[in-house]
Amino acid sequence: MALVFTFPCGRCGKKYSVYYPKVFLYSIYGTGTPAQGAREDEEEMASGAIDVARRRAEASGNVWVDASRESKIVCSCGKSLDLNLAHHPRVPQRRGVTAARQSGVIAFPGVHRKPSS
Ligand SMILES: [Zn+2]
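Reading guide: rules and limits
Residue indices begin from 1 for each chain and proceed along its sequence in written order. The model is predicted, so local features are restricted to residues of pLDDT at least 70 and side-chain atom pairs to those at 80 or more, both for listing and for counting; the totals for chains, interfaces and linings are taken over all residues. To get the side-chain values, take all heavy atoms of the structure and skip hydrogens and water. Listed donor atoms are N, O and S within 2.8 Å of the metal (Na, K and Ca: 3.2 Å). As water is not included, a site may look incomplete. In this scheme the shape depends on donor count and angles: four donors with every angle between 85 and 135 degrees give tetrahedral, four or six donors with opposite pairs above 155 degrees and others between 65 and 115 give square planar or octahedral in turn, and any other case is irregular. Runs of E in the DSSP output that reach at least two residues are strands. Runs of H or I that reach at least four are helices, and both are numbered from the N terminus. Under the scheme applied here, a residue whose accessible area is under 20% of the maximum for its type counts as buried, over 50% as exposed, and between as partly exposed, the area being computed with a 1.4 Å probe on protein chains only. Should DSSP find at least two bridges between two strands, the strands are taken to pair. All axes are obtained by fitting lines to C-alpha atoms, using only the stretch in contact for helices, and the reported angles, taken between N-to-C directions, cover 0 to 180 degrees. Any two residues whose heavy atoms approach within 4.5 Å at even a single point are treated as in contact.

Caption draft 1: Focus on the coordination of the zinc ion. Ligation of the zinc ion by protein atoms is provided by Cys9 (SG), Cys12 (SG), Cys75 (SG) and Cys77 (SG), these donors lying 2.3 Å from the ion. Between the four donor atoms coordinating the zinc ion, the angles at the centre fall across 103 to 114°, so the site counts as tetrahedral. Each donor residue of the zinc ion belongs to the same chain, and together they define the spacing C-x2-C-x62-C-x1-C. One end of the pair, Cys9, is in the loop between β1 (3–8) and β2 (15–20); the other, Cys75, is in the loop between β4 (72–74) and β5 (80–82), and 66 residues separate them in sequence. Per residue, the accessibility class of Cys9 equals that of Cys75, and both read buried.

Caption draft 2: Quick peek at the pairing of β2. The element β2 is extensively covered by neighbouring structure, given that five of its six residues are classed as buried. Adjacent in sequence and paired antiparallel, β1 and β2 are bridged by six residues, among which Gly13 carries a positive phi angle near 85°.

Caption draft 3: Representation of the sheet that holds strand β3 (residues 63–66) in the model. Spatially, the three strands line up as an open sheet ordered β1-β2-β3, and their pairing is mixed. The sheet is open, and its two borders are formed by β1 and β3, each paired with just one other strand. Adjacent strand axes in the sheet meet at a mean angle of 25°, parallel and antiparallel pairs treated alike. Sheet topology places β1 next to β2; six bridges connect them, and they run antiparallel. Counted as the bridge partner of Phe5 is Val18 from β2. Here helix α3 (residues 49–59) sits on the sheet and contacts β1, β2 and β3; the angle it forms with β3, its principal contact strand, is near 145°.

Laid out in structure tokens, this is it:
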């Protein structure tokens, strides 16, 4: 399941659904290797999970952002929005932390480490 956080712009309230690819998260949190992350991202992409999340976000009028491509965006109102997860308090710190409960947010699935392979 894809990790997507919804951030409202602090000034105008416009909502951004920000997709954090696993390869990107793993590089920050070290919860997996980049190779693992890339593989899981590919699987999610192939399964259509990303498309579903994206369509859902856009259907609710949110702007879809891929955090691995854009770490900062400028809202249409002119406010700069920092997408760096490390700067946000609502961040899964460790495995076992399952979700930020907030409307519009897709639950963080937890990181399942495969013992081998
Ligand atoms: Zn704004």
